[in-house]
Amino acid sequence: APLNLFQDGDRIARYDLTRAVVGIDLGATLGNDAELRVGVSGGMADMTLDTGDPRLPQGQDSESGLRAAFRYDTLDSAFVPRQGNRLALDLFSPQPAMGAAHSYNRLEGNWSGAWSLGNHTLVGRARLGGTLGGELPYYDEFAVGGLFDLPGYATGELRGGQIAYGGLAYYHRLTTLQPPIGRGVYAGFSLEGADLQDSFRGLTAPGSRFGSSVFLGADTWLGPLYFGLGINRDGDGAAYLQLGKP
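Here the structure is a predicted model, which is why all the values come from computation and not from measurement.

About the thresholds
Residues numbered from 1 in each chain as written. Predicted model: local features only at pLDDT ≥ 70, side-chain atom pairs only at ≥ 80, totals over all residues. Heavy atoms only, no water. Phe/Tyr/Trp six-rings, centres within 6.5 Å; stacked < 30°, edge-to-face > 60°. Helix = DSSP H or I, 4+ residues; strand = E, 2+ residues; numbered from the N terminus. Buried < 20%, exposed > 50% of the residue type's maximum accessible area, 1.4 Å probe, protein only. Lys NZ or Arg CZ within 6 Å of the ring centre and 35° of its normal. 1 Å grid on protein atoms, 1.4 Å probe; cavity = no way out; pocket = protein on both sides within 12 Å on 5 of 7 lines; lining within 4 Å. Points joined across faces, edges and corners; volume = space filled by probe spheres on them. Contact = heavy atoms within 4.5 Å. Salt bridge = Lys/Arg side-chain N within 4 Å of Asp/Glu carboxyl O.

Asks: Quick rundown of the packing of aromatic side chains? Include the residues and the values.
Replies: Think of a pair of aromatic rings as described by two things: how far the centres are apart, and how the planes are tilted against each other in angle. Considering all chains together, one arrives at 10 aromatic pairs under this definition. Ring plane angle 55° and centroid distance 5.2 Å describe the contact between Tyr 138 and Phe 200, whose orientation is recorded as tilted. Here Phe 200 lies in the loop between strand 12 (182-197) and strand 13 (207-220) and Tyr 138 lies in the loop between strand 8 (120-131) and strand 9 (142-144), a separation of 62 residues in the sequence. There is no split in this pair, since Tyr 138 and Phe 200 are both buried. Three or more aromatic residues joined by ring pairs make a cluster, and in this case those are Phe 148, Tyr 171, Tyr 186, Phe 215 and Tyr 226. Against the face of Tyr 138 rests Arg 159, its NZ or CZ located 4.6 Å from the ring centre.

Right under this line is the structure:
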């Protein structure tokens, strides 16, 4: 997958990132809507520089280690939910004793909640991420940027070793769609903010950013289809045409 490197809004490099992981987990269900998993994994991250300064780091890293995950999910749709909540907690800990090139503990939490009244829906989202010791490699940093992920910035433009994100989106259902075509057509807007710290080589300046968007979309059997316009606090804008999740 392509991985772009940005500085001051300009793309300065492009990597081809390949990650391969195999693992074994032990899990347990907690009621009807939650599960807990712990396990070990063996993996490799291959960073090949496609364009940019050849002095930038590249090569293969082993990232074998331990992992744990918790999921609680009552959302009625993975794409455009109208009710319910979802909480996901993930811990990944590469272990040099298992051959990993880096030693860190990456912890991330994501929450989404939806509330509806008639054709009106509010969707809130929050994301917290950081390390419990160690420094994240660039390819494993927390990234934001794009429609519904800090609009006004390019997809994945901002990255950091720590993140605090919050967003609220309003959807107005214009019409319903009949199965198997989809669920509905929506128009709406979003307000979002994020604070990032400790980015690779300081390419993303630490501090808070804000963005907003207006959009028209449809929840289809192929996934969500959106056309949106976003603007950030600096007055920079971006247009998005998105099918599925980036």
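Read on for the rest.
Asks: Lay out empty space enclosed by the protein with the relevant residues and their values.
Replies: Under the definition given, this model contains 1 cavity of 30 Å³ or more. Considering only enclosed or pocket space, the largest cavity measures out at about 40 Å³ in volume. For the largest cavity, the full set of lining residues is Leu 5, Phe 6, Tyr 138, Glu 141, Glu 157, Arg 159, Ser 199, Phe 200, Leu 203 and Thr 204.

Asks: Which residues make up the environment of Gly 193, and what are the values?
Replies: With respect to the secondary-structure elements, Gly 193 resides in strand 12. Owing to a relative accessible area of 13%, Gly 193 belongs among the buried residues under this scheme. Linking Gly 193 and Leu 168, residues 25 residues apart in sequence, is a C-alpha distance of 9.4 Å. If we skip the residues at most four places from it in the chain, Gly 193 touches Leu 150, Ala 164, Tyr 165, Gly 166, Arg 209 and Phe 210.

Asks: If you had to explain the pattern of salt bridges to someone new, which residues and values would you point to?
Replies: The tally for this structure, following the rule as stated, stands at 14 salt bridges. Of the charged contacts in the structure, one is a salt bridge between Glu 63 and Arg 19, with a shortest N-O distance of 2.7 Å. Here the residue Glu 63 occupies a position in the loop between strand 4 (59-62) and strand 5 (65-73), and Arg 19 occupies one in strand 2 (residues 10-30), the gap between them amounting to 44 residues. The class of Glu 63 is buried, set by a relative accessible area of 4%. Shared partners join several salt bridges into a network, and the residues in it are Arg 19, Glu 63, Arg 106, Glu 108, Arg 127 and Asp 140.

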